[in-house]
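# Observations on the three-dimensional arrangement
Residue-level listing of the chains:
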Amino acid sequence: MPEARAADTAASVPTPQGGASQQIALHVAAMLFGASALFGEHIAASSTMIVFGRGLFSWLALTVIALTGLAGLRSASRLSGGAPWRGISTASALRLIVAGVLLAVHWLAFFLAIKAGGVAVGTLGFACFPAFVILLEWPLRRERPSLGDVGVIALVCVGLALVTPAFDWQAGATIGLAWGVLSGAIYAVIALSNRVLGAQASPLQASWWQCLGILIVLGPFAWREAVTLPVVQWGWLACLGVVCTALAYTLFIHALRTVKASQAAVVIALEPVYAIAFAWVLFGTSPTLKMAIGGVCIVGAVAWSGSMRSRR
């Protein structure tokens, strides 16, 4: 998954400081990741169809990128791994497809959050994932939590309390935030599993197999709506899958060749900021002061967590 592998890749690749082109590529990738929330809110289709369409066009685009070597420019073979099915064992492919099923559930929860609560609430709810990563890592690392870990969780909790307009399950914003938090929890599981699966395939190969898993699991549920979906909506789905997913992740991997991992983690933490800014400029949906302060807490926790993981 482009987004799901992005932050974890940033925290696991120690690289020197990048030049201007890599810095620009990194910020463009973060903006494109953030823009995906806007597509989710305004595409006139169910969340299931949006996830299926995103997976379909991402899978097609990643196929072209891997086969033509567009991803790595001068290092295409190292970054893409060549043909996505080459050099992958059957067991590894099956594990990646299962990870793709989990990715489908994550994307479904994310777009349900956007549909119910709006761009700001949905993206900030999802951005709480560092707290879940830390909670899952404690038993895996078998060590006491650090002061920084506790601080990240505290910041996330404060941010979520401020972002929530009202604790009312009849309100769309509360439901949207709950879906967003669930998507963040699932993201944490995906990020940790990618650390194991990442040794079995290149980043683009892993994303290719995961997108294939999405098509397999959601195809039986989405095909009826897909047949009747207007051409215009298919066009928006293509933009979501190709531009905001496959292209964004390709730019991110390109930037990681020279950008420091800690810096990349901080930039990717700006994804919800870009999403909220786009929604504000394009649709006039400005966040309240309370929500803005909560967003600062959550984004700060994401950046802090990414920086700590890159130093470990």
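Look a little higher up for the structure.
Description of the structure in this document. In this text the structure is predicted, and so the values were computed from the model without any measurement. (Residues numbered from 1 in each chain as written. Predicted model: local features only at pLDDT ≥ 70, side-chain atom pairs only at ≥ 80, totals over all residues. Heavy atoms only, no water.)

This part is about the packing of aromatic side chains. Evaluated as defined, the whole model comprises 10 aromatic pairs. Their ring planes at 70° and their centres at 5.3 Å tell us that phenylalanine 110 and phenylalanine 111 sit as a pair that is edge-to-face. Within the aromatic cluster, the residues linked to one another by ring pairs are Phe110, Phe111, Phe126, Phe129 and Tyr187. Positioned above the aromatic ring of tryptophan 107, the side-chain terminus of arginine 54 is 4.2 Å from the ring centre. (Phe/Tyr/Trp six-rings, centres within 6.5 Å; stacked < 30°, edge-to-face > 60°. Lys NZ or Arg CZ within 6 Å of the ring centre and 35° of its normal.)

As a packed pair, helix α7 (residues 129–141) and helix α8 (residues 147–163) sit with axes 9 Å apart at the nearest point and diverge in direction by 150°. Once α7 is placed against α8, the crossing between them reads as left-handed. For the pair α7 and α8, contact is made by Pro130, Ala131, Ile134, Leu135, Trp138 and Arg141 and by Asp149, Val152, Ile153 and Val156, respectively. A class-by-class count of the residues in the contact of α7 with α8 yields 8 nonpolar, no polar and 2 charged. (Axes fitted to C-alpha atoms, helices over the stretch in contact; angles between N-to-C directions. Helix = DSSP H or I, 4+ residues; strand = E, 2+ residues; numbered from the N terminus. Left-handed = near helix turned anticlockwise from the far one by under 90°. Contact = heavy atoms within 4.5 Å. Nonpolar A, V, L, I, M, F, W, Y, C, P; charged D, E, K, R; others polar.)

When you line up the elements, serine 58 lands in helix α3 (residues 47–68). The exposure class assigned to serine 58 is buried, which follows from its relative accessible area of 0%. Reaching out from serine 58, the side chain makes a polar contact with the backbone oxygen of glycine 241 at a distance of 3.1 Å. Once residues lying within four places of it in the same chain are set aside, the contact partners of serine 58 are Cys211, Gly241, Thr245 and Ala246. (Buried < 20%, exposed > 50% of the residue type's maximum accessible area, 1.4 Å probe, protein only. Polar contact = N/O pair within 3.5 Å; in protein donor to acceptor, adjacent residues only side chain to side chain.)

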